[in-house]
Amino acid sequence: MSIVGRPQTKSIPSLRLLIPLIIFFSLLSNLILPATIEAAGIELGVTAQKAWNNVLNKADRQTKASLQRGFENVGSLEGQGKSWEQKTKALHTANMAELKRLQASIRQTDEKKISSLTQSLERAQARYEPLFALYTAVNKQLDAARATKNKEWTAVVRAQADTLKPAVQLAREEIRMKRSELAEARKRKNTEIKRLRGLLSGADSVKKQIQTAKKQVSLTKERYSNALKQFKQSLKQAQPTRVLSSLNQLVSATEKWTSTKQHVYTLEQKVSNHYIKVNQELAKRK
């Protein structure tokens, strides 16, 4: 082995040890970053930021503390709202995929059993087809013999028909039973599919609640936007008490906006839990 190749060989284990550390610090930064963003407060433009700093400088100690606390609360609540949005989106995507899977599983209810019974019937029909064909042919010969009024021929053919008749009757009875069993299985399948689909549709009422909750999100977002606009306008007046009043209104509006987003997520969780119950019902049939 050449001298040049040795460092390359030694670097491989080091790289393997380094990769988990890279992943760890990457995950750690993802956990730390949202908290940093939430604590940053309200995003302001250059002019508004200068006005805000001016208000803080003019405010007394207690008012300044209240202003800073409210400012950070709004940022924190906005961060929480974004988090609920992301969680809701991910859960909704998962629920939609689960719904499609459950619908497919319900359609396949008792499919293996139906397929097995169908194949059993088809095998029986194929097995007895030569017997039925022979019995039909013998009966045709019997009709022909009777038409010729040949007693000896008629007697011979009748004996053949009488010999085949019990076997044919048993074969027909077996096929009839298999057809009946298949028909009954299909009936049970349809009944079970109807029941399972009824269970699945139980989430529809929650989905309607989600649509209503999303409208509330839109309404609270509008209130938040108006409150934010009023807050920025109050900054121009440079009066700490008025700014604090508008900031408190903004905190309240942001809190309501965030809580409605959280409510949507809670409802989406109910849909997910409902699908889990349906899946458990399907598992019982396996």
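These numbers were taken from a predicted model, which means no experiment stands behind them.

Asker: How should I be thinking about the overall build of the protein in this particular structure?
Answerer: Assigned secondary structure in the protein consists of seven helices and zero strands. Ordering the α and β elements of the protein from the N terminus gives α-α-α-α-α-α-α. A burial count over the protein gives 31% of its 286 residues as buried. Excluding contacts between residues fewer than 6 apart, the proportion of contacts in the protein whose partners are at least 24 apart in sequence is 84%. Counting only carbon and sulfur atoms, one obtains 55% of the accessible surface of the protein, whose full area is about 19400 Å².

Asker: I tried to follow the pattern of salt bridges on my own but got confused; where do I start?
Answerer: Think of it this way: side chains of opposite charge can pair up when their charged atoms draw near. Taken as a whole and assessed by the stated rule, the structure comprises eight salt bridges. The closest approach of N and O atoms between Lys 284 and Glu 281, which form a salt bridge, is 3.1 Å. You can see Lys 284 and its partner Glu 281 sitting in helix α7 (residues 240-284), three residues apart, about one turn around the helix. Here the residues in one salt-bridge network are Glu 192, Arg 195, Glu 281 and Lys 284, joined through shared partners.

Asker: Please explain the nonpolar core as it appears in this structure.
Answerer: Among soluble globular proteins, nonpolar side chains are generally buried collectively. Residues Ile 42, Trp 52, Leu 67, Phe 231, Leu 235, Leu 247 and Leu 250 are the most contacted members of the largest nonpolar core, which totals 41 residues. Considering every element that reaches this core, the biggest residue donor is α7, with 13 residues. Setting aside residues no more than four positions away along its own chain, Leu 67 makes contact with Trp 52, Val 55, Leu 56, Ala 59, Pro 240, Val 243, Leu 244 and Leu 247. Of all hydrophobic cores here, the second largest spans 17 residues; its members include Leu 117, Leu 131, Leu 142 and Ala 161.

Asker: How do you make sense of the side chain of Glu 78 when you look at a structure like this?
Answerer: Position of Glu 78 among the secondary structure elements: in helix α3 (residues 61-107). Lacking a salt bridge, the buried Glu 78 has Lys 82 as its closest oppositely charged neighbour, with an N-O distance of 5.9 Å. Setting aside chain neighbours within four positions, we find Glu 78 in contact with Gly 41, Tyr 224 and Thr 254.

Asker: Help me understand the side chain of Lys 261, please; the structure alone is not making it clear to me.
Answerer: Within the secondary structure, Lys 261 is located in helix α7. With a relative accessible area of 6%, Lys 261 lands in the buried category. Beyond its immediate stretch of four places on either side in the chain, Lys 261 contacts Gly 81, Lys 82, Trp 84, Glu 85, Thr 88 and Val 217.

Asker: Got a minute to help me understand the packing of helix α5 (residues 151-200) against α7 in this structure?
Answerer: For any two helices packed against each other, the geometry is given by the interaxial angle and the distance between the axes. As a packed pair, α5 and α7 sit with axes 9 Å apart at the nearest point and diverge in direction by 160 degrees. Between α5 and α7, the interaxial angle falls into the category roughly antiparallel. As for the relative orientation of α5 and α7, their crossing is right-handed in sense. Every residue of α7 that contacts α5 at Arg 195, Leu 196, Leu 199 and Leu 200 is listed here: His 274, Tyr 275, Val 278, Glu 281 and Leu 282. A class-by-class count of the residues in the contact of α5 with α7 yields six nonpolar, one polar and two charged.

Asker: Mind showing me how you'd approach the packing of aromatic side chains here?
Answerer: For any two aromatic rings, the description comes down to two numbers: the centre-to-centre distance and the angle of the planes. Scanning the model with the defined rule gives five aromatic pairs in all. Consider the rings of Trp 52 and Phe 71, whose centres lie 4.6 Å apart with planes at 20 degrees: the pair is stacked. Within this pair, whereas Trp 52 is found in helix α2 (residues 46-58), its partner Phe 71 is found in helix α3, the two being separated by 19 residues in sequence. Ring pairs connect the aromatic residues Trp 52, Phe 71 and Phe 231, which therefore count as one cluster. Between Lys 87 and the ring centre of Trp 84, over which it is positioned, the NZ or CZ distance is 4.9 Å. Positioned above the aromatic ring of Trp 257 is the side chain of Lys 261, whose terminal nitrogen or guanidinium carbon lies 3.6 Å from the ring centre.

Asker: Could you clarify how one ought to interpret the confidence of the model for the protein in this entry?
Answerer: One rule of thumb: low pLDDT means the predicted coordinates there are not for detailed reading. For the protein, the average pLDDT comes to 86, and 86% of its residues sit at 70 or higher. Below pLDDT 50 for its whole length, residues 1-39 participates in eight contacts with residues either more than four positions away or in separate chains.

Conventions and cut-offs
Residues numbered from 1 in each chain as written. Predicted model: local features only at pLDDT ≥ 70, side-chain atom pairs only at ≥ 80, totals over all residues. Heavy atoms only, no water. Helix = DSSP H or I, 4+ residues; strand = E, 2+ residues; numbered from the N terminus. Buried < 20%, exposed > 50% of the residue type's maximum accessible area, 1.4 Å probe, protein only. Contact = heavy atoms within 4.5 Å. Areas by Shrake-Rupley, 256 points an atom, 1.4 Å probe, with all protein chains shown as cover. Salt bridge = Lys/Arg side-chain N within 4 Å of Asp/Glu carboxyl O. Core = buried A, V, L, I, M, F, W, Y, C linked by side-chain atoms within 4.5 Å. Lys, Arg positive; Asp, Glu negative; His and termini not counted. Axes fitted to C-alpha atoms, helices over the stretch in contact; angles between N-to-C directions. Parallel < 35°, antiparallel > 145°, perpendicular 65-115°, else oblique. Left-handed = near helix turned anticlockwise from the far one by under 90°. Nonpolar A, V, L, I, M, F, W, Y, C, P; charged D, E, K, R; others polar. Phe/Tyr/Trp six-rings, centres within 6.5 Å; stacked < 30°, edge-to-face > 60°. Lys NZ or Arg CZ within 6 Å of the ring centre and 35° of its normal. pLDDT = per-residue confidence, 0-100.

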